[in-house]
Amino acid sequence: MISDIIAIIRDYWLLLLIGQYPNGPLGGLAATLMLSVLAIAFAFPVSIALALARLSKSPLLNWPVSALVYFTRGVPLLMLILWGYFLVPLVTGASVPSFLTMLVTLVVYQGAFLSEVVRGGIVALGHGQMEAARALGHSYLGAMRYVILPQALYNVIPSIISVFVSTIKDTTLGYVINVPDLTFAASQINNQLLTQPFQVFFILAAVYYVICWSLSRVAVLTERRITRKRAGTAAQATAKSLKLAALTDQPS
Amino acid sequence: MNTIAPSKNSPMIELTGVRKNYGNYEVLKGIDAEVARGEVVVICGPSGSGKSTLIRTVNRLEEIGSGSISCDGNNIHRPMPAKELNRLRSRIGFVFQSFNLFPHLSAIDNIAMSPIRVKGVARDVAYAKATQLLERVGLTDKANAYPGQLSGGQQQRVAIARALAMEPPVMLFDEPTSALDPEMVGEVLSVMKGLAADGMTMMCVTHEMGFARDVADRVWFIDQGQIVECAPPEEFFSRPQTARAQRFLSELRH
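Draft legend 1. Here's a closer look at the overall build of chain A. Scanning chain A from N- to C-terminus turns up ten helices and zero strands. Each helix and strand of chain A, placed in order from N terminus to C terminus, yields the pattern α-α-α-α-α-α-α-α-α-α. On C-alpha atoms alone, chain A measures out to a radius of gyration of 24 Å, which is more than a quarter above the 18 Å that the 2.2 N^0.38 rule sets for 252 residues. With respect to the three principal axes, the spread of C-alpha positions in chain A is 85 × 55 × 30 Å. In chain A, which comprises 252 residues, the proportion classed as buried is 42%. Considering only residue pairs separated by 6 or more positions, chain A has 72% of its internal contacts joining residues 24 or more positions apart. The distance from the centre of the 16 positive side-chain charges to the centre of the 8 negative ones in chain A is 12 Å.

Draft legend 2. A look at the sheet that holds strand β3 (residues 40-44) of chain B. Residues and elements named next belong to chain B. Read across the open sheet, the six strands follow the order β6-β7-β8-β3-β9-β10; overall the sheet is mixed. Looking at strand neighbours, the two that pair on one side only are β6 (92-95) and β10 (226-231), the edges of this open sheet. Ignoring strand direction, the axes of neighbouring strands in this sheet form an average angle of 20°. Bridge count between strand β9 (residues 218-223) and β10: five bridges; the pairing is antiparallel.

Draft legend 3. Representation of a positive patch on the surface in the model. Residues and elements named next belong to chain A. A contiguous patch of positive charge on the surface is contributed by R217, R224, R225, R228 and K229. Among the structural elements, R224 can be located in helix α10 (residues 197-248). What makes R224 partly exposed here is its relative accessible area of 47%.

Draft legend 4. Looking closely at the side chain of S56 of chain A. Position of S56 of chain A relative to the elements: it lies in the loop between α2 (28-55) and α3 (59-74). Apart from the residues lying within four places of it in its own chain, the contact partners of S56 of chain A are L61 and N62 of chain A.

Draft legend 5. Structural view of the pattern of salt bridges. This model, assessed by the stated rule, comprises 19 salt bridges over all chains. For the salt bridge of R54 of chain A with E116 of chain A, the shortest nitrogen-to-oxygen distance reads 2.7 Å. Remark: E116 of chain A occurs in helix α5 (residues 98-124) and R54 of chain A occurs in helix α2; sequence separation between them is 62 residues. According to the relative accessible area criterion, R54 of chain A is buried, its value standing at 12%. Salt-bridge contacts for R91 of chain B lead to D72 of chain B; the nearest nitrogen and oxygen are separated by 3.1 Å. Of this pair, R91 of chain B sits in the loop between α2 (82-89) and β6 while D72 of chain B sits in the loop between β4 (66-71) and β5 (74-75), and the two are 19 residues apart along the sequence. The class for R91 of chain B is partly exposed, based on a relative accessible area of 31%. Overall, the relative accessible area of 13% leaves D72 of chain B in the buried class. Through salt bridges with shared partners, one network takes in E131 of chain A together with K20, R56 and E62 of chain B.

Draft legend 6. Representation of the sheet that holds strand β2 (residues 25-35) of chain B. Residues and elements named next belong to chain B. Spatial strand order, β2-β1-β4-β5: four strands in an open sheet with antiparallel pairing. Of all the strands in the sheet, just β2 and β5 have a single pairing partner and so form its edges. Where β4 and β5 come together, two bridges link them in antiparallel fashion. Within the sheet, the bridge partner assigned to S70 lies in β5 and is N75. Across the face of the sheet, helix α1 (residues 51-58) comes into contact with β1 (13-22), β2 and β4 while running at roughly 120° to β1.

Draft legend 7. View of the packing of aromatic side chains. Applying the stated rule across the entire model yields nine aromatic pairs over all chains. Ring geometry for Y109 of chain A against F113 of chain A: centres 5.1 Å apart, planes inclined by 50°, an arrangement best described as tilted. Of this pair, Y109 of chain A and F113 of chain A both sit in helix α5, four residues apart, which is roughly one turn of the helix. Sitting over the ring of F113 of chain A, R73 of chain A keeps its end group 5.6 Å from the ring centre. Stacked on the ring of F237 of chain B, the Lys or Arg R213 of chain B has its end atom at 4.5 Å from the ring centre.

How each quantity is defined
- Residues numbered from 1 in each chain as written.
- Chains lettered and ligands numbered in written order.
- Predicted model: local features only at pLDDT ≥ 70, side-chain atom pairs only at ≥ 80, totals over all residues.
- Heavy atoms only, no water.
- Helix = DSSP H or I, 4+ residues; strand = E, 2+ residues; numbered from the N terminus.
- Rg over C-alpha atoms; globule rule 2.2 N^0.38 Å.
- Buried < 20%, exposed > 50% of the residue type's maximum accessible area, 1.4 Å probe, protein only.
- Contact = heavy atoms within 4.5 Å.
- Lys, Arg positive; Asp, Glu negative; His and termini not counted.
- Charge placed at Lys NZ, Arg CZ, Asp CG, Glu CD.
- Pairing = 2+ DSSP bridges.
- Axes fitted to C-alpha atoms, helices over the stretch in contact; angles between N-to-C directions.
- Patch = residues over 30% accessible without salt bridge, like charges linked within 9 Å, V, L, I, M, F, W, Y side chains within 5 Å.
- Areas by Shrake-Rupley, 256 points an atom, 1.4 Å probe, with all protein chains shown as cover.
- Salt bridge = Lys/Arg side-chain N within 4 Å of Asp/Glu carboxyl O.
- Phe/Tyr/Trp six-rings, centres within 6.5 Å; stacked < 30°, edge-to-face > 60°.
- Lys NZ or Arg CZ within 6 Å of the ring centre and 35° of its normal.

Taken by themselves, the reported measurements are silent on function.
Printed below as a string of structure tokens:
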């Protein structure tokens, strides 16, 4: 069993790593990582924009974006992917690479989910911070940028990370529209071997686990670093005052 | 725009027929009053009388239904572009009951951030000024502490310094000591006394009658959305004219 797995990795590591490249498109783990990183990199700013639009008092911004968010959250990702894949070429007449279709779909879908996380973080801060910033003369967007978002995003880091992790996992669905990612490579291997599906998909699961786990670790470490930075001066201050106390407090 | 160059004799704050409703409930029922330049006005009154709402209308944290409020010659509640309102607001210092320091910034960053981001002051200038202000409120050693590491009294003093950093000609205080433990009230009030002594125009909603007695030039007594009495403190405290003010003062003494 373990020797089977090692044999598969030995025979197919290049396919798993970069797909058919350079004889075909870049695929395998490289494509999965690229898709994940790009999806997250675009979905994050998109989610902030969507959240701000949903918080806006202007119905012109608020209504369409709310509709988009409700719709996206209420429809399975697979439907969106298939629609993107079949409808966009029908409507525009252009053939869109499946990688791009998948990327845009993921950005819209995860952007919608993430926007609710961000909006929750902003609303949870309460009025006081915004009022204080406005009273100092900050514009609405200035207050958001320098006062509200740094706090709101920090407070929802754990939820943001879980959306990031599910984004990575959702890249596997690109398989249905032939995005040549890691899952696609694994199923190609499985089709060649035919007899070892468990072993092949075990490798696949292990790789995804490592990627997602690493991201969670990075998140935990980042969170700790920020917490330490915000508490660091307190620790120093107490240390200082303790030393001082040791010098000045004399037993009577 | 229609900014009139403010003369030395014109009032710093001028409220004319200010009315405001929350639905059917009328919070402010026609306020007419003035705060002269360099004057310290203490606003007191029973809870729900509209005093917090009133002070929040002066920098337009609350909208008004009708009437007008001018501050340093500028009509605050006229229709105007957001930019103009932001500029006017930056010239009115506001101190909140709940401090509202920015918890993700250290004390000195809290003070220096807005001059840099709103007024475009150079960083070194803003930080030098912030250091001075920390000294003024007696917190030089807390420059790098975060709000969560400061006591309530220290937080409120940083909040005052933060408001002063914008160099406003007028400061508004909305119950600045009401959220503090009793032993910390004094340190905040003494900073405010210092400000008053330096000639700052101040409007202050407070229940600290000792402060009103020592520092205020006039006391406005508000009840049910109206200024019922308006008198120098010695007169207000020793000879309140209305039954409502008498009742309020006798309840304070118990």
